Every structure is written in C-alpha cells, then in structure tokens.
Amino acid sequence: MEGSHGDACKPVDVGMTRVFELFGKRWTGLIVSVLMQRAVHFAELRRAIPGISERMLSDRLTELAGAGLLVREVDEGPPLRVAYRLTDAGAAMEPALRELGRWAEKHLAGESGCPEME
C-alpha cells in the first residue's frame, strides 16, 4: 500500500524549512518589506508597523541580523541613533516578497478585514 502515499512522507526541503523558521514568525516579513524601501531608524520602523512592540521589533531585528539579512548602523550623534538596512542577501528577498504580495492580492483579497461597501 505504499505506492502514492510514500511521497506524502517525504521530508520537507531544508531551504524551505530555513525560510519559514525565519519568515514564518509574525512581523518578520513586514520588517523586511519596510527595509526594502530604504535604511530606517528604529523609531521610524516601529511607526511603520502598527501593533509591534519595541521588544518584539528588537527581537526580530536581532534575528534578521543574525541571519545576515540586515545590518545595524550606529550614528554616534548626538543624539545617538541606530539605523537598519538590508544586506545584499536581505535585498535579494525583494523579488520573492513582491511575488508573495501579488499572490496575496489575487488570492487573499477578501482577507483585508475592511467591510465591503454596499
């Protein structure tokens, strides 16, 4: 009885596992999408993503930096300011994220949470 059911037990691709370990976390994709536009200071990034806490933003930025997708740049000031920008590896995510956005517009159109006008 193995036949066609054997394929269902095939392990998930390692690359896909790594992608979703990082991008499957809430806020990560939104942070990267903001940074695709330009380097952004912490406070600007927090304002651009309603609902994210400072702690969560800090945690996600640390994870993205650890994965090599962004760098933290300190301007000694005064005042001291920290900006974040995508690395070449982070910027290389742009085509994939744009494609996901197009897919969402087409297939998740009714999920915006806004009531339909009658």
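Residues numbered from 1 in each chain as written. Predicted model: local features only at pLDDT ≥ 70, side-chain atom pairs only at ≥ 80, totals over all residues. Heavy atoms only, no water.

Chemist: Help me understand the overall build of the protein, please; the structure alone is not making it clear to me.
Modeler: Within the protein one finds 6 helices and 3 strands. Across the protein, helices and strands are ordered from the amino to the carboxyl terminus as α-α-β-α-α-β-β-α-α. Counting only residues that meet the buried cut, the protein has 22% of its 118 residues in that class. In the protein, 44% of the contacts between residues at least 6 apart in sequence involve partners at least 24 apart. When the accessible surface of the protein is totalled, it reaches about 8,900 Å², and 55% of it is carbon and sulfur. (Helix = DSSP H or I, 4+ residues; strand = E, 2+ residues; numbered from the N terminus. Buried < 20%, exposed > 50% of the residue type's maximum accessible area, 1.4 Å probe, protein only. Contact = heavy atoms within 4.5 Å. Areas by Shrake-Rupley, 256 points an atom, 1.4 Å probe, with all protein chains shown as cover.)

Chemist: I keep staring at the nonpolar core and nothing clicks. Help me out?
Modeler: When a protein is soluble and globular, its nonpolar side chains tend to lie buried together. By size, the foremost hydrophobic cluster in this structure holds 21 residues, and its most contacted members are I31 and L45. Setting aside chain neighbours within four positions, we find L45 in contact with I31, V34, V40, L57 and L61. (Core = buried A, V, L, I, M, F, W, Y, C linked by side-chain atoms within 4.5 Å.)

Chemist: Help me understand the pattern of salt bridges in this model?
Modeler: When charged atoms on two side chains of opposite charge get close, those side chains can pair. Tallied over the entire structure, the rule returns 8 salt bridges. Here R46 ties to E54 by a salt bridge, and the two come within 3.8 Å at their closest N and O atoms. For E54, a relative accessible area of 49% gives the class partly exposed. What you see here is one network of salt bridges that share partners, running through K25, R60 and E63. (Salt bridge = Lys/Arg side-chain N within 4 Å of Asp/Glu carboxyl O.)

Chemist: How should I be thinking about the packing of helix 2 (residues 28-35) against helix 4 (residues 54-66) in this particular structure?
Modeler: Relative orientation of the contacting elements helix 2 and helix 4 amounts to 75°, with a least axis distance of 10 Å. Considering the angle they form, helix 2 stands roughly perpendicular to helix 4. When helix 2 is examined against helix 4, the residues T28, I31 and V32 are found in contact with a partner set consisting of L57, R60, L61 and L64. Its residues assigned to classes, the contact of helix 2 with helix 4 comprises 5 nonpolar, 1 polar and 1 charged. (Axes fitted to C-alpha atoms, helices over the stretch in contact; angles between N-to-C directions. Parallel < 35°, antiparallel > 145°, perpendicular 65-115°, else oblique. Nonpolar A, V, L, I, M, F, W, Y, C, P; charged D, E, K, R; others polar.)

Chemist: Help me understand the confidence of the model for the protein in this model?
Modeler: Reading predicted coordinates in detail is not appropriate for stretches of low pLDDT. Within the protein, residue pLDDT values average 85, and 86% of them lie at 70 or more. Per-residue pLDDT stays below 50 along residues 114-118; that stretch engages in 0 contacts with residues further than four places along the chain or on separate chains. (pLDDT = per-residue confidence, 0-100.)

Chemist: What's the story with the layout of surface pockets in this structure? I'm lost.
Modeler: Over the atoms a probe the size of a water molecule is rolled, and this reveals where empty space is left. Each pocket or cavity is described by its volume, and for the largest pocket that value is around 410 Å³. Looking at the largest pocket, it is lined by 16 residues, and the ones nearest its centre are F23, G29, L30, L97 and L100. The set of elements that each furnish at least two residues to the lining of the largest pocket consists of helix 1 (14-23), helix 2 and helix 6 (94-107). Considering only residue class, the lining of the largest pocket consists of 10 nonpolar, 4 polar and 2 charged. (1 Å grid on protein atoms, 1.4 Å probe; cavity = no way out; pocket = protein on both sides within 12 Å on 5 of 7 lines; lining within 4 Å. Points joined across faces, edges and corners; volume = space filled by probe spheres on them.)

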